[in-house]
Amino acid sequence: MIKENSVISVFGMGHIGLPTAALFAKNGLNTIGVELNGDMVKIINDGSSPILEPGLEELVSSVIESGNLIATKDGVDASKASKVMIIVVPTPKDGANNSELSAVKAASETISKGLKKENLVIVESTVPPKTCEDLVIPILEKSGLKAGKDFGMAYTPERALPNNTIYEMTHNDRIIGGIDQKSVDRAADLYSRITSGEIIKVKNLVTAEMVKLMENTFRDANIALANEFALVCETLGINAMEAIEAANHHPRVNIHTPGPGVGGHCLSIDPYFIVETAEKRGFNAPLIKTARDINNSMPLHVAELVVKSLEEVGKTVKNSKIGILGVAYKGNVADARETPAKLLIETLNQKGAKVLIHDPYVSPEMMKSLKGQPASFEEVLESDCVVLLTDHDMYKKITPEMIKKGVLVCTRPILDPYKFRENGILFRGVGV
Ligand code: SAJ
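Residues numbered from 1 in each chain as written. Predicted model: local features only at pLDDT ≥ 70, side-chain atom pairs only at ≥ 80, totals over all residues. Heavy atoms only, no water.

**A short note on the sheet that holds strand β11 (residues 373-374)**
Note: strands within a sheet are paired through backbone hydrogen bonds, in either parallel or antiparallel orientation. An order of β11-β10-β9-β12-β13-β14 is seen for the 6 strands of this open sheet, with the pairing classed as parallel. The open sheet has two free edges, formed respectively by β11 and β14 (426-429), since each of these has just one partner strand. Note: strand β13 (residues 407-410) against β14, 4 bridges, orientation parallel. Along β14, the bridge assignment pairs Leu-408 with Phe-427. (Pairing = 2+ DSSP bridges. Helix = DSSP H or I, 4+ residues; strand = E, 2+ residues; numbered from the N terminus.)

Now the structure itself:
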């Protein structure tokens, strides 16, 4: 089934692996997508995308039709047939905020069983610094081959923004580090086929691993600062967003946007990988940890805003209907991993509220796992307190007349507080 002259296999057909494989295939390379989930393999080989991402369905369909992409569950066969193997598997964190690298380990084990001289192994998954050196290479060397001497090794982080993945993968600059210059040059040659962005070659594998974590940690810490500013502005009775936008007119200031907390599988996890590595080396990275704590506490602050708002209209949270608009971790995506909605719903449930949830994108199974009661947009708008949690475009059209019981907690700066208040709505929000 697998073509003899296949050159690349991509391990992991998720949000990043599938578009990466499809783009290599689109650029004329014979590509194998390795995925353990048989249903996903079937969907891909039928010419569809199991991942919701603009443009991906069409891309997958065209490369399956051209025969340049094929998906399989058999990773050892794929490894044997390939010259380059790319690891793009998930790297979540465990309950103690440590990295959970079992998928990287498993992919490395599988690849080592088909590894040959002159192969190049590339890791794209986000990992704690030194993972390539301390975990991946020793597993690959079980093959009897030596990294650097017999096979090449490179690390190049994926940096595409969900919902704009294909554009960013084909335009963003690419960071590449490797075990030696030959590995870096080979990886650079490969990725220059799919991105028009600059290829930045860094000194070694660890530097490239650290670059990825620094990017998302910068954003997480910046958002934590914005959230702290928002809490201060609430005590002052001023609009944080108005102040942030004004401050951002300064040519060297770029304060991010406050909100209900930071979700998704990147910003809310990656900073912990730095902390984990730093702590193993005797340094405790206090700023990064504090930023995480601030962002993690934001859903509790939103719950407080709900309590206060209901008190103001003579109601208690207990037995009130709270309607949450949006459970995805950010606007216009279907992904609810690490969503701030989870802690908010749990907290409101504990307080005895009846929690209704609406989201136009998130799957029914995911909605169910969140412990709220899925409801229509209209039903949610009739709740005792409406909480706007995710900045989906459709929620930008909400008007004061649509808030039937007159109480709104808005956690994203997409509705104008002044307009709602002028129209008699009790409007509270993060930073307003
Ligand atoms: N958020 C705020 N305020 C902001 C920006 C975001 O509260 O000003 C929240 C969002 O609502 C969301 C979370 O932060 O809950 C993360 O959203 P995001 O848009 O910042 O990032 P992700 O997780 O969708 O994608 C990030 C991107 N990294 C950077 O921009 C540095 C993306 O380029 C990476 O490829 C991706 O992580 C990844 O896979 O690491």
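Further notes follow.
**Focus on the pairing of strand β5 (residues 120-123)**
On any regular strand, side chains alternate: one points to one face of the sheet, the next to the other face. Both faces of β5 are covered, namely the face carrying Leu-120 and Ile-122 and the face carrying Val-121 and Val-123. Relative to β5, strand β4 (residues 84-87) is paired through 4 bridges, and the arrangement is parallel. Within the sheet, the bridge partner assigned to Ile-86 lies in β5 and is Ile-122. Read from β4 through helix α5 (residues 102-112) to β5, the crossover connection turns out right-handed. Strand direction decides the pairing type here: β5 and strand β6 (residues 152-155), joined by 4 bridges, are parallel. By the bridge assignment, Ile-122 is partnered in β6 with Ala-154. With helix α6 (residues 131-140) bridging β5 and the parallel β6, this β-α-β connection has right-handed handedness. (Buried < 20%, exposed > 50% of the residue type's maximum accessible area, 1.4 Å probe, protein only. Right-handed = clockwise from strand over helix to strand, strands pointing away.)

By themselves, these are just geometric observations and shouldn't be taken as functional.
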